[in-house]
Amino acid sequence: MNSPILITTSKQLDHAIEQLLTADVLAVDTEFMREKTYFPKLCLLQIACKDEVFLIDPLQHKLDLRPLARIWSKQSIVKVFHSGAQDLQILFDACGVAPSPYFDTQDAAALIGMPEQVGYGVLVKRLLGKDLDKADRFTDWSRRPLDASQLRYAADDVIWLLQLYPLLVNKLRELGRDSWLDAEFSKRCSEDALTTDVRAVYLRLKRVSSLKPTQLAVAREVAAWRETCAMRKNIPKRWLLSDEAVLDIARRAPTSEEKLAKLRGVGPNLKRELGSLLVAVKAGRACPEGEWPCLSQRPKLNANDSAALELMAAIVRVRAEQNLLSQSVLASRAQLEDYVSRRSNDCAVMQGWRKELIGVELERLLAGQIALRLDSGVLAIEEVADGVTTD
């Protein structure tokens, strides 16, 4: 592969795009910072194809990255990332389009027997035998100029990623698992998944379940206000209000700016924003009863459900070992609890490859059609016919 090419101008970017559009597979990574902003600050974008590595610098000349949408939307080019959820969001925000089709080496590795959420360096070492230089891992990518060490580190992130892709695809194909992740990858790069619904962010507040329905209505409006304001100012939303402050406002529902300003967590930095914040509080207070938010509560498990959960976990453990998967990748405890409480086909264990590998069996277990027993100290799963177990 040739030496990395640094891209700092629109003309250079257009030339790189024409070359990248001829590729079948691209390895993509980003370097970003977000400590002081709402939106991550993209400092460097790395893209590798078969012969070239392009290091695209959006900061030096405030480079417009929207032309990259031509590449991201071309369906004949696979875009390969490692743990790329944040990268997808950043590129969607910068270009207006998310890279698709998407492939994530971390998720693929979990399906061939690697640890869940395996790190990039570990994966490169195990599959390619290469030790990565980590000296610039925590560098300040916003400072210019970038030095040779930084550029080399950034290039390595995609050079080896491009080599991991065919190894993982071939292994998945050998195991008959090459389509297992298609639906999940497609969902991750969809516009719906990458567009923030400010009216739903209250659901992610810490301890939001402690609020009453009337208080939830206020929390929904205040959390939406905080999100919108943080976006507009491009600052971390915690700089405006902490989660605890949002909950406190929801509980007290103050009726004036004076009362609002006295609440703990409403600092002097919000003096100019108190009016709009109060409007949000009043909107929550005025919410009709029929429109109060209602949190979905997972039913508490009774003794029988808890016993069933343990039997399900035992089956998952057996099947995970047989298929060289970690137990949590096959079915996490939360996923099992969700299924034992809801018994619904829209539960995660009843979707896609999990349904094939474990879901149908769990369904039959709960229906009393299969049973578990110990055979010489080894857990055995057997059929139940007419009230009699059979091997």
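Residues numbered from 1 in each chain as written. Predicted model: local features only at pLDDT ≥ 70, side-chain atom pairs only at ≥ 80, totals over all residues. Heavy atoms only, no water.

S.K.: Mind showing me how you'd approach the packing of aromatic side chains here?
M.R.: Within a pair of aromatic rings, the relevant descriptors are the distance that separates the centres and the angle that separates the planes. In this structure the tally under the stated criterion is seven aromatic pairs. Here the aromatic rings of Y102 and F185 are separated by 5.3 Å at their centres, their planes lie at 90 degrees, and the arrangement is edge-to-face. Here F185 lies in helix α7 (residues 182-188) and Y102 lies in strand β6 (residues 102-104), a separation of 83 residues in the sequence. Taking the relative accessible area as the measure of exposure, F185 reaches 4% and is therefore buried. Centre to centre, the rings of F103 and Y165 are 5.0 Å apart; their planes meet at 90 degrees, and the pair counts as edge-to-face. One end of the pair, F103, is in strand β6; the other, Y165, is in helix α6 (residues 148-174), and 62 residues separate them in sequence. (Phe/Tyr/Trp six-rings, centres within 6.5 Å; stacked < 30°, edge-to-face > 60°. Helix = DSSP H or I, 4+ residues; strand = E, 2+ residues; numbered from the N terminus. Buried < 20%, exposed > 50% of the residue type's maximum accessible area, 1.4 Å probe, protein only.)

S.K.: Explanation requested: the sheet that holds strand β2 (residues 25-33) in the structure shown.
M.R.: What holds strands together in a sheet is hydrogen bonding between their backbones, with the strands either parallel or antiparallel. Reading across from one edge, β1-β4-β3-β2-β5-β6 is the order of the six strands in this open sheet, with mixed pairing throughout. At either end of the open sheet lies a strand with only one pairing partner, and these are β1 (5-7) and β6. Between one strand axis and the next, the sheet turns through 25 degrees on average, direction left out of account. With seven bridges connecting them, β2 and strand β3 (residues 41-48) associate as antiparallel partners. If you follow F32 over to β3, its bridge partner there is L42. Against the sheet, helix α3 (residues 85-95) makes contact with β2, β3, β5 (78-81) and β6, and its axis sits at roughly 85 degrees relative to β2, the strand it touches most. (Pairing = 2+ DSSP bridges. Axes fitted to C-alpha atoms, helices over the stretch in contact; angles between N-to-C directions. Contact = heavy atoms within 4.5 Å.)

S.K.: Is there a simple way to think about the pairing of strand β7 (residues 370-375) in this case?
M.R.: Successive side chains on a regular strand alternate, one facing one side of the sheet and the next facing the other. Inspection of the sheet shows β7 paired to strand β8 (residues 378-385) by six bridges, in the antiparallel sense. Across the sheet, L374 pairs through a bridge with L379, a residue of β8. Between β7 and β8, which pair antiparallel in sequence order, lie two residues; one of them, S376, sits at a positive phi of approximately 55 degrees.

S.K.: Just checking my understanding: could you explain the environment of E383 for this structure?
M.R.: Among the structural elements, E383 can be located in strand β8. Overall, E383 belongs to the partly exposed group, its relative accessible area being 35%. For the pair E383 and L372, spaced 11 residues apart in sequence, the C-alpha to C-alpha distance is 9.0 Å. In this structure the side chain of E383 is engaged in a polar contact, spanning 2.6 Å, whose partner is the side chain of R364. (Polar contact = N/O pair within 3.5 Å; in protein donor to acceptor, adjacent residues only side chain to side chain.)

S.K.: What's the story with the packing of helix α5 (residues 120-128) against α6 in this structure? I'm lost.
M.R.: Two packed helices can be described by the angle between their axes and the distance between those axes. The geometry of α5 relative to α6 is characterised by a closest axis approach of 10 Å and an angle of 55 degrees between their N-to-C directions. Judged by the inter-axis angle, α5 sits oblique to α6. The chirality of how α5 crosses α6 is left-handed. Here Y120, L123, V124, L127 and L128 of α5 come into contact with α6, specifically with D156, D157, V158, W160, L161, Q163, L164, L167 and L168. Of the residues in the contact of α5 with α6, the class split is 11 nonpolar, one polar and two charged. (Parallel < 35°, antiparallel > 145°, perpendicular 65-115°, else oblique. Left-handed = near helix turned anticlockwise from the far one by under 90°. Nonpolar A, V, L, I, M, F, W, Y, C, P; charged D, E, K, R; others polar.)

S.K.: Can you walk me through the state of the cysteines in this structure?
M.R.: Any covalent bond linking the sulfur atoms of two cysteines counts as a disulfide. Applying the stated rule across the entire model yields zero disulfides. Cysteine C287 remains unbridged, with the sulfur of C294 as its closest cysteine sulfur at 12 Å. Summary of cysteine pairing: C347 is not part of a disulfide, and the nearest cysteine sulfur, belonging to C294, is at 18 Å. What makes C347 buried here is its relative accessible area of 0%. (Disulfide = S-S within 2.5 Å.)

S.K.: Honestly, the packing of helix α15 (residues 333-342) against helix α16 (residues 352-366) in this entry has me stumped. Any pointers?
M.R.: Between α15 and α16, whose axes approach to 12 Å, the crossing angle comes to 45 degrees. For the element pair α15 / α16, the angle class is oblique. The two elements α15 and α16 cross, and the hand of that crossing is right-handed. Residue-level inspection shows Q335, L336 and Y339 of α15 in contact with α16, the latter providing R354, L362, E363 and L366. Considering only residue class, the contact of α15 with α16 consists of four nonpolar, one polar and two charged.

Any functional reading would require information beyond the geometric quantities listed.
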